[in-house]
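Listed here are the chains, written in short residue letters.
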Amino acid sequence: GIQVEQSPPDLILQEGANSTLRCNFSDSVNNLQWFHQNPWGQLINLFYIPSGTKQNGRLSATTVATERYSLLYISSSQTTDSGVYFCAVERSASGTYKYIFGTGTRLKVLA
Amino acid sequence: SAVISQKPSRDICQRGTSLTIQCQVDSQVTMMFWYRQQPGQSLTLIATANQGSEATYESGFVIDKFPISRPNLTFSTLTVSNMSPEDSSIYLCSVEDGQTDTQYFGPGTRLTVL
């Protein structure tokens with residue numbers, strides 16, 4: 001099956017720093033999403049981005065589908081950005097659609 | 001966006017018992033999904049539940065262990081049967097917005113099996 005690897009696995013930042021999180025996938029996909037799981041376990045959808053670039057405030061994401069990777073940029077990080085970031089890719093198989101989650105990047109932002 | 005609630009939010013259960021987790025959505029959705037997140041791990045898809053048909057299980061998950069019901073377009077249940085400590089995880093339901101293809105998650109059920 002498709003493999004979804006994220007890097008780095010762990011990241012510690014000082015408040016105000018910028019960072020780039022990477023998601024590599026081993027096969028072509030129909031869709032890709034980025035999620036943030038906060039320290040209480042709630043998963044929040046950040047971006048639906050099968051290709052191209054999107055921005056939402058301090059966050060932006062770029063997916064290059066032909067090269068099988070996506071990047072999530074966090075600028076001017078805040079302590080509330082702490083948590084785990086997942087990318088998830090969707091593949092269709094025999095008419096069914098499902099998302100496969102990546103390995104995750106655990107981010108801690110220090111005040 | 002969809003608003004999803006799950007019950008219970010957490011539970012501590014004894015080995016050999018079963019627990020049924022409920023997932024309620026505030027709008028009608030075609031596809032609902034159940035995931036498991038073991039401690040410190042990523043999310044693993046258990047099954048896809050579509051209304052009016054049997055759930056489709058992923059490799060490594062079977063109906064006898066994780067029976068799923070989907071009686072209507074806003075509700076689903078997942079039962080974790082004959083539990084063992086290895087079943088201790090967070091169980092999450094999610095739905096896909098048919099218009100935007102965006103996936104939304106419930107708050108999860110944190111299960112501890114003793």
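Above this text you will find the structure in question.
This section reports on the structure supplied with the text. Only a predicted model underlies this, so the values are computations on that prediction, with no experimental measurement involved.

Examining the overall build of chain A
In terms of regular secondary structure, chain A is built from zero helices and 11 strands. Taking 13 Å as the expected radius of gyration for a compact globule of 111 residues, we find that chain A reaches 14 Å, a close match to that expectation. Dimensions of chain A, computed from the C-alpha atoms along their principal axes, are close to 50 × 25 × 20 Å. Taking all 111 residues of chain A together, the buried fraction comes to 46%. Within chain A, contacts between residues separated by at least 24 positions form 55% of all contacts whose residues are at least 6 apart in sequence. As displayed, chain A has an accessible area near 5,300 Å², and 49% of this comes from carbon and sulfur atoms. Placing the 8 positive and 7 negative side-chain charges of chain A at their respective mean positions leaves the two points 3 Å apart.

A short note on the interface of chain B and chain A
Taken residue by residue, the interface counts 20 residues in chain B and 19 residues in chain A. In total, about 1,500 Å² of surface goes out of reach between chain B and chain A, with carbon and sulfur atoms giving 50% of it. The three residues of chain B that bury the most area against chain A are B:Ser42, B:Gln103 and B:Phe105, which together make up 28% of that side's buried surface. The tally of links from chain B across to chain A stands at one salt bridge. The partner of A:Lys98 in a salt bridge is B:Glu58, with the nearest N and O atoms 2.4 Å apart. Across the contact surface, chain B and chain A share six residue pairs in polar contact (both at pLDDT 80 or more). Within the residue set of the side of chain B that touches chain A, elements represented by two or more residues are strand S4 (31–37), strand S5 (43–50), strand S9 (89–96) and strand S10 (103–105) of chain B. Classifying every residue of the side of chain B that touches chain A gives eight nonpolar, eight polar and four charged.

Thoughts on the state of the cysteines
This structure, assessed with the given rule, holds two disulfides over all chains. Between A:Cys23 and A:Cys87 runs a disulfide, and the two sulfur atoms are separated by 2.0 Å. Across the S-S bond linking A:Cys23 and A:Cys87, the dihedral sits near 75°, which makes this disulfide right-handed. Of this pair, A:Cys23 sits in strand S3 (residues 19–25) while A:Cys87 sits in strand S9 (residues 83–93), placing them 64 residues apart in sequence. Here A:Cys23 matches A:Cys87 in class, with each residue buried. The disulfide bridge from B:Cys23 ends at B:Cys93, spanning 2.0 Å between sulfur atoms.

A few points about the sheet that holds strand S8 (residues 69–74) of chain A
Residues and elements named next belong to chain A. One open sheet accounts for five strands, arranged S1-S3-S8-S7-S6; its pairing is antiparallel. One side of each edge strand has no neighbouring strand; the edge strands of this open sheet are strand S1 (4–7) and strand S6 (52–56). With direction set aside, neighbouring strand axes in the sheet form an average angle of 15°.

Quick look at the packing of aromatic side chains
Tallied over the entire structure, the rule returns seven aromatic pairs over all chains. With 5.4 Å between their ring centres and 90° between their planes, A:Phe35 and B:Phe105 make a pair best called edge-to-face. In this pair, A:Phe35 sits in strand S4 (residues 31–37) while B:Phe105 sits in strand S10, so the two residues belong to two different chains. Residue classification places B:Phe105 among the buried residues on the basis of a relative accessible area of 6%. An aromatic cluster of three or more residues is present, and its members are A:Phe35, A:Phe86, A:Phe101, B:Tyr35 and B:Phe105. Across from the ring centre of A:Tyr69, 4.2 Å away, lies the NZ or CZ of A:Arg22, which sits over that ring.

What counts, and at which threshold
Residues numbered from 1 in each chain as written. Chains lettered and ligands numbered in written order. Predicted model: local features only at pLDDT ≥ 70, side-chain atom pairs only at ≥ 80, totals over all residues. Heavy atoms only, no water. Helix = DSSP H or I, 4+ residues; strand = E, 2+ residues; numbered from the N terminus. Rg over C-alpha atoms; globule rule 2.2 N^0.38 Å. Buried < 20%, exposed > 50% of the residue type's maximum accessible area, 1.4 Å probe, protein only. Contact = heavy atoms within 4.5 Å. Areas by Shrake-Rupley, 256 points an atom, 1.4 Å probe, with all protein chains shown as cover. Lys, Arg positive; Asp, Glu negative; His and termini not counted. Charge placed at Lys NZ, Arg CZ, Asp CG, Glu CD. Buried area = accessible area lost by both parts, 1.4 Å probe. Salt bridge = Lys/Arg side-chain N within 4 Å of Asp/Glu carboxyl O. Polar contact = N/O pair within 3.5 Å; in protein donor to acceptor, adjacent residues only side chain to side chain. Nonpolar A, V, L, I, M, F, W, Y, C, P; charged D, E, K, R; others polar. Disulfide = S-S within 2.5 Å. Pairing = 2+ DSSP bridges. Axes fitted to C-alpha atoms, helices over the stretch in contact; angles between N-to-C directions. Phe/Tyr/Trp six-rings, centres within 6.5 Å; stacked < 30°, edge-to-face > 60°. Lys NZ or Arg CZ within 6 Å of the ring centre and 35° of its normal.

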